[in-house]
Amino acid sequence: MTVIQEAELYRKVADACRLETAEAFHLQSRIHRLRWFGRSDIWVKRDDELGFGVSGTKLRKHASIIPSLKEKGIEEVVVIGGANSNNVLSAAQTLRENNIKMTPFLLGPPSQKLGNVKLLSLFVDDSEIHWISRSQWANCENFVNTYIEERSAQGIKIFVLPEGAHHRLALPGSLSILVDILRNERESGVRFDHIFIDAGTGMVAQSLLAGAAAIERKTVFHVVVLAGSFEDFQAGLSQVVEYTGDFLGVSLCPLPDYHLYYPATAKSFGSTNKTIFNEIRRIAREDGILTDPVYSSKLFLTARQTIPGQALDGNILLIHSGGGLALTGFMDSHMFGV
Ligand SMILES: *Cc1c(COP(=O)(O)O)cnc(C)c1O
């Protein structure tokens, strides 16, 4: 069990994300107070402000993935995901910018093209997408393997980005959120006792837990698991603990306290209902913040129930992980009607 210093953590993350270069992704986001429950100690971290097309957690992950792909001379990346995946839409931008060909293997096609998948069509032609039906989705890995064997045989340097970019190369970028929270704390003079974060693949939440262990930071983490099960989250966590130990060159201290939650409503991934849309409207009108129906609104809703439900006191931070573009697919939904 070894502890590393915050400065050392910063240096390693900065190196991996090439933060000192002109083309680096901008990985600093601000915090501000929410006026919930008449309190002044509940804050939100605005990772949604990190970017427009590529926002929040995806920008952090790609910040370390892209420099490694460039260093390895990768020419083509197979990106796996749902048709409306934020990671796929983000990769379409970060890969193209860097002249790396993206080959999407996507679950679909969807019956209606709205929101992210419609935006994706600006970047890639439908004919370039390998659509995989739901009944074949379990074989996706085989299809991808066949494809990469073909391309590798042609001498093309190819890489596979798994769903949601849950990958070792995304670790340094994912750890940047911890580095940035420490900066927010120094600048505000506030030390957070509780941190709420959402999880899809869990890469960023798991990195936050592993990074907190590495610097022996004691904060209670509240993770809202939006895709998969608690068991899936735990399995991903073990992987990320291993990646973190390797990256930082230490064996990790015990993990900080953390609690897992399923969302308070619309539990299956990507599902929405009237409660979610009412919450999106409430957050917009009362907090002045845009949230998406898949991730952030479910995090906010779960936090709004958990804070009074568990009588959490002390300083609380919610991480707004971004993803607002997904809202474009829902604006005509009848559930938004009044
Ligand atoms: C992908 C995503 C997440 C989840 O990130 P993971 O690292 O996969 O858990 C959360 N919020 C938004 C907006 C996302 O796009």
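Residues numbered from 1 in each chain as written. Predicted model: local features only at pLDDT ≥ 70, side-chain atom pairs only at ≥ 80, totals over all residues. Heavy atoms only, no water.

Looking at the site of the ligand
Around the ligand there are 15 residues in total, and K58, G200, T201, G202 and S321 lie nearest to it. In this structure, G202 approaches the ligand through a main-chain N or O atom, which is 2.7 Å from an oxygen atom. Relative to its unbound accessible area of 380 Å², the ligand is 98% covered by the protein chains. Only α2 (56-72), β7 (194-199) and α7 (203-214) provide two or more residues apiece to the shell around the ligand. (Near = heavy atom within 4 Å. Polar contact = N/O pair within 3.5 Å; in protein donor to acceptor, adjacent residues only side chain to side chain. Areas by Shrake-Rupley, 256 points an atom, 1.4 Å probe, with all protein chains shown as cover. Helix = DSSP H or I, 4+ residues; strand = E, 2+ residues; numbered from the N terminus.)

As for the packing of helix α9 (residues 274-287) against helix α10 (residues 296-309)
Two elements in contact, α9 and α10, have axes separated by 9 Å at closest approach and are oriented at 85°. Viewed along their axes, α9 and α10 adopt a mutual orientation that is roughly perpendicular. Two secondary-structure elements touch here, α9 through T275, I276, E279, I280, R282, I283, E286 and D287 and α10 through S297, K298, F300, L301 and R304. Tallied by class, residues from the contact of α9 with α10 come to five nonpolar, two polar and six charged. (Axes fitted to C-alpha atoms, helices over the stretch in contact; angles between N-to-C directions. Parallel < 35°, antiparallel > 145°, perpendicular 65-115°, else oblique. Contact = heavy atoms within 4.5 Å. Nonpolar A, V, L, I, M, F, W, Y, C, P; charged D, E, K, R; others polar.)

Notes on the sheet that holds strand β5 (residues 130-132)
Spatially, four strands are ordered β5-β4-β3-β6 in an open sheet, and the strand pairing comes out parallel. Here the strands that pair on one side only, and so sit at the sheet edges, are β5 and β6 (158-161). Sheet twist, expressed as the average angle between the axes of neighbouring strands with direction ignored, equals 20°. Relative to strand β4 (residues 101-107), strand β3 (residues 76-82) is paired through seven bridges, and the arrangement is parallel. Paired with V77 across the two strands is M102, which belongs to β4. The sheet contacts of helix α5 (residues 140-153) involve β3, β4, β5 and β6, and relative to β3 the element is tilted by about 170°. (Pairing = 2+ DSSP bridges.)

Considering the layout of surface pockets
The calculated volume of the second largest pocket comes to roughly 300 Å³. For the second largest pocket, the lining is made up of 15 residues, of which Y10, L19, Q28, V179 and D180 are closest to its centre. Those elements that provide at least two residues to the lining of the second largest pocket are α1 (6-16) and α6 (171-188). With six residues, the top contributor of residues to the lining of the second largest pocket is α6. (1 Å grid on protein atoms, 1.4 Å probe; cavity = no way out; pocket = protein on both sides within 12 Å on 5 of 7 lines; lining within 4 Å. Points joined across faces, edges and corners; volume = space filled by probe spheres on them.)

Brief notes about the pairing of strand β8 (residues 220-225)
Counting buried positions along β8 gives six out of six residues, so the element sits mostly inside the fold. Across the two faces of β8 the burial is the same, with V220, H222 and V224 and F221, V223 and V225 all buried. Pairing of β7 with β8, which is carried by six bridges, proceeds in the parallel orientation. By the bridge assignment for β8, H194 is matched with V220. (Buried < 20%, exposed > 50% of the residue type's maximum accessible area, 1.4 Å probe, protein only.)

Here we look at the sheet that holds strand β9 (residues 258-261)
Reading across from one edge, β1-β2-β10-β7-β8-β9 is the order of the six strands in this open sheet, with mixed pairing throughout. Each having just a single partner strand, β1 (31-33) and β9 make up the two edges of the open sheet. Pairs of neighbouring strands in the sheet enclose a mean axial angle of 25°, with direction left out of account. As paired strands, β8 and β9 are joined by four bridges and run parallel to one another. Paired with V224 across the bridge in β9 is Y261. Those strands touched by α7 are β7, β8, β9 and β10 (316-320), and its axis lies near 145° from that of β7.

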